[in-house]
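What follows is each chain in one-letter form.
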Amino acid sequence: MSTDTQDIAGRFGSGRSVARIEDEGLLKGLGQYTDDLAPEGGLRLVFVRSPYPNARILSVDATAARAMPGVVLVATGAELAAAGVKPLPGSPNFKRADGSPAASPLRRVLAHEQACFAGEAVALVVAETLEQARDAAEAVQVDYDALPHVTGLEAATTAGAPAVCEAAPDNIAAEMRHGNAAATQAAFDTAAHVVKLTVVNQRVAALTIEPRAVLAWVAADGRLTVRMSTQMPSGVRNSICDAIGLPKEKARVTVGDVGGGFGMKTGAYPEDIAVAWAAHRLGRPVKWIADRSEDFLTSTHGRDQQAQAELALAADGVILGLRLRTLANVGAYALGTGLAIPLLIGPWVQTSVYHVPVIDFHFKGVLTNTAPTSAYRGAGRPEAIYIMERLMDEAARQTGIDRVALRRRNFIRPEQMPYKNPMGQTYDVGEFERIMDGGLALADWAGFEARAAESRARGRLRGLGIATFLEWTGGNVFEERVTVDVRADGVIEVFSAVNQMGQGIATTLAQLVVDVFGVPIDQVRVVLGDTDRGDGFGSAGSRSLFTGGSALRIGAERTLDQARQLAGEALEAAPADLDYAAGRFRVRGTDVGIGLFELASQQAGQHIFIDSTSAVSGPSWPNGCHVSEVEIDPATGSVQVVRYASLNDVGRVVNPMIVRGQLDGGAVQGIGQALCEHMVYDAESGQPLTGSLMDYAAPRADVMAADFVTEMDQSVPCRNNPLGVKGVGELGTIGATPSVVNAVADALARAGRPERSPQLQMPLTPMKVWAALQAG
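Predicted model only: the values in this text are computed from it and were never measured.

Student: What's the story with the overall build of the protein in this structure? I'm lost.
Tutor: Check the secondary structure of the protein and you find 21 helices and 28 strands. The C-alpha atoms of the protein give a radius of gyration of 28 Å, which matches the 28 Å a tight globule of 776 residues would have. Over its C-alpha atoms, taken along the principal directions, the protein stretches across nearly 85 × 75 × 50 Å. Residues classed as buried in the protein amount to 61% of the 776 residues present. Look at the contacts in the protein between residues 6 or more apart in sequence, and 80% of them connect residues 24 or more apart. In the form shown here, the protein has an accessible surface area of approximately 27,900 Å², with 51% of it arising from carbon and sulfur atoms.

Put into structure tokens, the structure is as follows:
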């Protein structure tokens, strides 16, 4: 690399905390979120929603609504079905115990025979203004026959419980077993210690700052165009076309700025299809923006699992086997992702960084009359790691073995890499003990007793928690397509099907272009979110840089190789005799050369263009050590995270500022689940009790400790992609929750309540912690 190229890369390329190129427009109020678009003649859509968690729909009378001012269209579920709008697909890849397909009610775009959860859409109203649509929606008369319902796992799996659908009289949508039950029982039979825990991962809401939003219209060329807030534009387009019977080439989905996704904006919702259908039917723009209550009611939720977990250990603390019996609340509709998360994805990482010889897992997806569950930051990995880390700390308490020593004794060693875990997943690299040692030093683990004494002097209880863990990233979709266009106007324009949602991916991709071409970052234009430009999986599973970035790096290198061939022709020199630096080719040993953009101007179309598809060879396995310290006020049970330190093995880092932001933001969400977040349904009425920000306790800035330290370790690059990067978007969330809960459990044990530690269940509200501290 020449001095000029090194200088440019040193300022704008990988490894530098380059300011986010997305931010200037957002800070100036120039963002283009879906609701910022207001096409001429645009209409507003409002949904009529079921107030019942389970009810037959006897009739829908829209006569009065259709006669109201400004109303353009009222449609019911029966009318959409009659118009040929198809139900959303089920989950054919999963099975019930008898081998029959996964059971779930038929999910229609608008329910018309039965509504299966409170808030499910049963009709839509389109009017000239939002106010007119709301007024008309209130005039739609729906006659319901309320039916018995179930909202919780225990109620749904009790004999005689109301069945959510006929195909599952036991409310089990699907189930899977993993491992060797006989071998695991043999391990338990010989164990010196068996640790048993009931572990609950409560239901939580994604709570993006921008709610779901859809705008659809028929473009001048007659094609349906949808602008929306989504992480997966290609998948949504495909679902819309399948549902309303359009060829894929007759539809386009674009995505502008997205105010957060966290997994909740993956795939198509019934509302997305309904808006697209209405716009296609009317030939006018139709917009729907969810209000906050709709988002709480109908957007997919996360977690909601209960596990009976057992860990068998030898006398010296070596793990012999792991047994799990887990129920996962998938809500009223068993979505493919909603089943994959508890039945497959979580189990893939369940044994984490530890060598566990044998496993016996049995997972069941349970139907209830609640909003469906699906991806939420971490998607199965936080649930699995939380179980494992709670078991490890409880094993240390019950055996008397130091918890750090217990982990050290059971870590998978670097010389065992590549390592195949009991679920058949292969870790390419990992130095888990060294990462733990670095995390302990960063947290000043050895100095805790002095800090605990200071807390006692102030009448506070102090606890120390740790989580050592890994996660799986990549979404198991390893191929990605990019285009690279070197233009005569001095711009390199790149397109990728990964998507921005506030995580700064456009900046990171631009830095990779700088690495290859050696041009200033302001000469790079990143285009995302347009199915007309290209198809791809999108952004989920922490794959954007790992898969999309790797594809862009390869595409950029292929483009430079093509440019070298063209430069050789232009300069009448062998391509191998050309040096390239800072946007210019030069014949080695001479002053003869040509600029990259000048070369582009000499080509047909005045550009050098490459359409490149490539793949990484497998998932990445980022890992970390997260240490937290909490203080508890024994008079109130209030918990405060007072110190937090994490060392994270994320492979090569392209933009340290962005990675640190991802890790910190993820940790705050993990702390939120540990201490306050809970999407609660009332068992008697089936209604959400935490359906607004007045009731749902979201984490705020003050949950972050003043002493909050995040560091990255880049010494173990991933071997499965050319960049050496590992997915990072969910790592902080996965480590924070068990670390904080383990710290509270430690505080209880130190306060003379060790028997209460295994009984702790999230969220650790002041009332729960205060009760745990009381005698008797």
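Back to the text.
Student: Would you mind going over the layout of surface pockets with me for this structure?
Tutor: Empty space among the atoms can be located by rolling a probe the size of a water molecule over them. Put simply, the second largest pocket is a space of about 370 Å³. Those elements that place two or more of their residues in the lining of the second largest pocket are α6 (153–156), β8 (193–205) and β13 (301–313). It is β8 that provides the largest number of residues to the lining of the second largest pocket, a total of four residues. Residues that form the lining of the second largest pocket fall into these classes: six nonpolar, 10 polar and four charged.

Student: What exactly am I supposed to notice about helix α14 (residues 432–443) here?
Tutor: Think of an α-helix as 3.6 residues a turn; residues three or four steps apart then line up on the same face. Along its 12 residues, α14 runs 16 Å from first to last C-alpha, staying within 8% of the 16 Å computed at 1.5 Å per residue. Of the residues making up α14, those classed as buried are F432, E433, I435, M436, G439, L440 and A443. Down the axis of α14, the buried side of the element spans an arc of 160°, and every buried residue falls inside it. Within two residues after α14, D444 carries a phi angle of roughly 55°, on the positive side.

Student: Whenever I open this one, the packing of aromatic side chains confuses me. Can you help?
Tutor: Any pair of aromatic rings gets described here by the distance separating the centres and the angle formed by the planes. Counted by the stated rule, this structure contains 11 aromatic pairs. Here the aromatic rings of Y427 and W621 are separated by 4.7 Å at their centres, their planes lie at 55°, and the arrangement is tilted. Pair noted here: Y427 is in strand β17 (residues 426–427) and W621 is in the loop between β25 (607–615) and β26 (623–632), with a separation of 194 residues, a long-range link. A network of ring pairs unites the aromatic residues Y419, Y427 and W621 as a single cluster. Its end group placed over the ring of Y269, R212 keeps NZ or CZ at 3.7 Å from the ring centre.

Student: Would you explain empty space enclosed by the protein in this entry?
Tutor: If you walk through the whole model with that rule in mind, you get eight cavities of 30 Å³ or more. Here the largest cavity is characterised by a volume of approximately 70 Å³. The element best represented in the lining of the largest cavity is helix α10 (residues 292–298), accounting for three residues. Partitioned by chemical class, the residues of the lining of the largest cavity number five nonpolar, three polar and two charged.

Student: Any chance you could explain the sheet that holds β13 here in plain terms?
Tutor: Whether parallel or antiparallel, the strands of a sheet pair through hydrogen bonds between backbone atoms. With respect to topology, five strands assemble into an open sheet ordered β7-β15-β14-β13-β8, the strand pairing being mixed. Of all the strands in the sheet, the pair left with one neighbour each is β7 (172–179) and β8. Sheet twist, expressed as the average angle between the axes of neighbouring strands with direction ignored, equals 10°. When β8 meets β13, the two strands line up antiparallel, connected through 12 bridges.

Student: In this structure, what is going on with the packing of helix α8 (residues 233–244) against helix α9 (residues 270–282)? I would like to understand it.
Tutor: Packed helices, taken two at a time, are described by their axes: the angle between them and the distance between them. The geometry of α8 relative to α9 is characterised by a closest axis approach of 10 Å and an angle of 60° between their N-to-C directions. With respect to α9, the axis of α8 lies oblique. Where α8 crosses over α9, the two elements pack in a sense that is right-handed. Where α8 approaches α9, its residues S239, I240, A243 and I244 are matched on the opposing element by D272, I273, A276 and W277.

Student: Even after reading the chapter, I still don't get the pairing of strand β23 (residues 584–587), so can you show me in this structure?
Tutor: It is a general feature of regular strands that their side chains alternate between the two faces of the sheet. Across the two faces of β23 the burial differs, with F585 and V587 buried and R584 and R586 not buried at all. Pairing between strand β22 (residues 578–581) and β23: four bridges, direction antiparallel. Bridge pairing links L578 to V587 in β23. The hairpin turn running from β22 into β23, its antiparallel successor, is two residues long, and A582 in that turn takes a positive phi close to 50°. Here β23 folds back onto strand β24 (residues 593–595) in antiparallel fashion, the turn holding five residues, of which G589 has a positive phi close to 85°.

Student: Got a minute to help me understand the pattern of salt bridges in this structure?
Tutor: Close approach of charged atoms allows side chains with opposite charge to pair. Here the structure, examined in full by the defined rule, presents 58 salt bridges. The residue D23 makes a salt bridge to R20 at a minimum N-O spacing of 2.9 Å. Residue D23 is classed as partly exposed on the basis of its relative accessible area of 23%. The exposure class assigned to R20 is partly exposed, which follows from its relative accessible area of 21%. A salt bridge links R643 to D707, with the nearest nitrogen and oxygen atoms 2.8 Å apart. Highlighted residues: R643 in strand β27 (residues 639–649) and D707 in strand β28 (residues 707–713), separated in sequence by 64 residues.

Student: What is the right way to read the sheet that holds β26 from this model?
Tutor: Taken in spatial order, the four strands of this open sheet run β18-β26-β27-β28, and their pairing is mixed. The open sheet terminates on both sides in strands that have one partner only, identified here as β18 (461–470) and β28. When the angles between neighbouring strand axes are averaged without regard to direction, this sheet yields 10°. In the sheet, β26 pairs with β27 via 10 bridges, with the strands oriented antiparallel. Residue pairing in the sheet places I632 in a bridge with V639 of β27.

Student: It is not clear to me how unusual backbone geometry should be interpreted in this structure. Could you clarify?
Tutor: Glycine aside, residues mostly have negative phi, and peptide bonds are mostly found in the trans state. Omega for the bond connecting M417 with P418 falls within 30 degrees of zero, at -5°, which places this linkage in the cis form. Relative to the helices and strands, P418 resides in the loop between α13 (403–410) and β16 (419–420). Residue P763 is reached from M762 by a cis peptide bond, and omega for that bond is -10°. Topologically, P763 is positioned in the loop between α20 (731–750) and α21 (766–773). Here the phi dihedral of L207 falls at roughly 55°; this positive angle occurs in a residue that is not glycine. Note on placement: L207 falls in the loop between β8 and β9 (213–218).

Student: Please explain the nonpolar core as it appears in this structure.
Tutor: Note on soluble globular proteins: their nonpolar side chains tend to be buried together. If you look at the biggest cluster of nonpolar residues, it comprises 114 residues, and the most contacted ones within it are L311, L322 and I671. The element contributing the most residues to this core is α20, with 10 residues.

Student: What should I look at first to understand the environment of D444 in this one?
Tutor: Tracing the chain through its elements places D444 in the loop between α14 and α15 (448–457). Classification of D444 by relative accessible area gives partly exposed; the value is 36%. Taking the C-alpha atoms as reference points, D444 and E175, 269 residues apart in sequence, are found 44 Å from one another. Those residues in contact with D444 that lie beyond four places of it in its chain are R451 and R643.

Student: Before we go on, may I ask you to explain the side chain of T351 in this structure?
Tutor: Within the secondary structure, T351 is located in the loop between α11 (336–348) and β15 (358–367). A relative accessible area of 4% places T351 in the buried class. Setting aside chain neighbours within four positions, we find T351 in contact with L322, V356, I359, N421, P422 and Y427.

Student: Would you explain the packing of helix α19 (residues 656–675) against α20 in this entry?
Tutor: Interaxial distance between α19 and α20 falls to 7 Å at its minimum, and their mutual angle equals 40°. Taken together, the axes of α19 and α20 lie oblique to each other. Remark: the crossing between α19 and α20 carries right-handed chirality. Contact residues: α19 offers L663, G666, A667, Q669, G670, I671, Q673, A674 and L675, while α20 offers L731, G732, T733, A736, T737, V740 and V741.

Parameters and conventions
Residues numbered from 1 in each chain as written. Predicted model: local features only at pLDDT ≥ 70, side-chain atom pairs only at ≥ 80, totals over all residues. Heavy atoms only, no water. Helix = DSSP H or I, 4+ residues; strand = E, 2+ residues; numbered from the N terminus. Rg over C-alpha atoms; globule rule 2.2 N^0.38 Å. Buried < 20%, exposed > 50% of the residue type's maximum accessible area, 1.4 Å probe, protein only. Contact = heavy atoms within 4.5 Å. Areas by Shrake-Rupley, 256 points an atom, 1.4 Å probe, with all protein chains shown as cover. 1 Å grid on protein atoms, 1.4 Å probe; cavity = no way out; pocket = protein on both sides within 12 Å on 5 of 7 lines; lining within 4 Å. Points joined across faces, edges and corners; volume = space filled by probe spheres on them. Nonpolar A, V, L, I, M, F, W, Y, C, P; charged D, E, K, R; others polar. Expected span 1.5 Å × (residues − 1). Arc of directions from axis to C-beta. Phe/Tyr/Trp six-rings, centres within 6.5 Å; stacked < 30°, edge-to-face > 60°. Lys NZ or Arg CZ within 6 Å of the ring centre and 35° of its normal. Pairing = 2+ DSSP bridges. Axes fitted to C-alpha atoms, helices over the stretch in contact; angles between N-to-C directions. Parallel < 35°, antiparallel > 145°, perpendicular 65-115°, else oblique. Left-handed = near helix turned anticlockwise from the far one by under 90°. Salt bridge = Lys/Arg side-chain N within 4 Å of Asp/Glu carboxyl O. Core = buried A, V, L, I, M, F, W, Y, C linked by side-chain atoms within 4.5 Å.

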